[in-house]
Amino acid sequence: MAVSKKTGTDQSIGCSVTNCTYNENGCTCVAQHINVNNDRATTQAETYCSTFKSKGNVCCD
């Protein structure tokens, strides 16, 4: 998952996960903060965005 978020330095974090609540216009993350987890990761594929929230999730995170 690539993520796109505007910061105080006018940078953004791209996101191609269109079913995430925080994805805007199909390419930009608008979450207030982003958490990328797996402290044992040794490759990109082993990391994950724990900020992800499904657009269809009406109950619990």
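Provided above is the structure to which this section pertains.
Below is a summary of the structure that appears in this document. This one's a predicted model, so the numbers in the text were calculated from it and none came from an experiment. One numbering rule holds for all chains: residues counted from 1, following each sequence as written. Totals for whole chains, interfaces and linings use every residue, but because this is a predicted model, local features are given only for residues with pLDDT of at least 70 and side-chain atom pairs only at 80 or more, for both listing and counting. Values shown for side chains rest on all heavy atoms present in the structure; no hydrogens or waters enter the calculation.

**Details of the state of the cysteines**
So, point 1. A pair of cysteine sulfur atoms is labelled a disulfide when the two atoms are within 2.5 Å. What the rule picks out here adds up to zero disulfides.
So, point 2. No disulfide involves Cys-20; its sulfur sits 5.6 Å from that of Cys-15, the nearest cysteine.
So, point 3. Residue exposure (1.4 Å probe, protein chains only): buried if accessible area is under 20% of the type maximum, exposed if over 50%, otherwise partly exposed. You can call Cys-20 buried: its relative accessible area is 3%.
So, point 4. For the unlinked cysteine Cys-49, the closest cysteine sulfur is that of Cys-29, found at 6.3 Å.

**Some words on the environment of Ser-50**
So, point 1. What counts as a helix is a DSSP run of H or I of at least four residues, what counts as a strand is a run of E of at least two, and both are numbered from the N terminus. Summarising the element assignment, Ser-50 is placed in the segment after strand E4 (48-49).
So, point 2. For Ser-50, a relative accessible area of 38% corresponds to the partly exposed category.
So, point 3. C-alpha separation for the pair Ser-50 and Val-36, spaced 14 residues apart in sequence, amounts to 5.9 Å.
So, point 4. For this analysis, residues touch if any pair of their heavy atoms sits within 4.5 Å. Look past the residues within four positions of Ser-50 in its chain and what remains in contact with it is Asn-35 and Asn-37.
So, point 5. A polar contact of 2.3 Å, which involves the side chain of Ser-50, links it to the side chain of Asn-37. Polar contacts here mean pairs of N or O atoms no more than 3.5 Å apart (in protein, one a potential hydrogen donor and the other a potential acceptor; neighbouring residues in sequence count only if both atoms are side-chain atoms).

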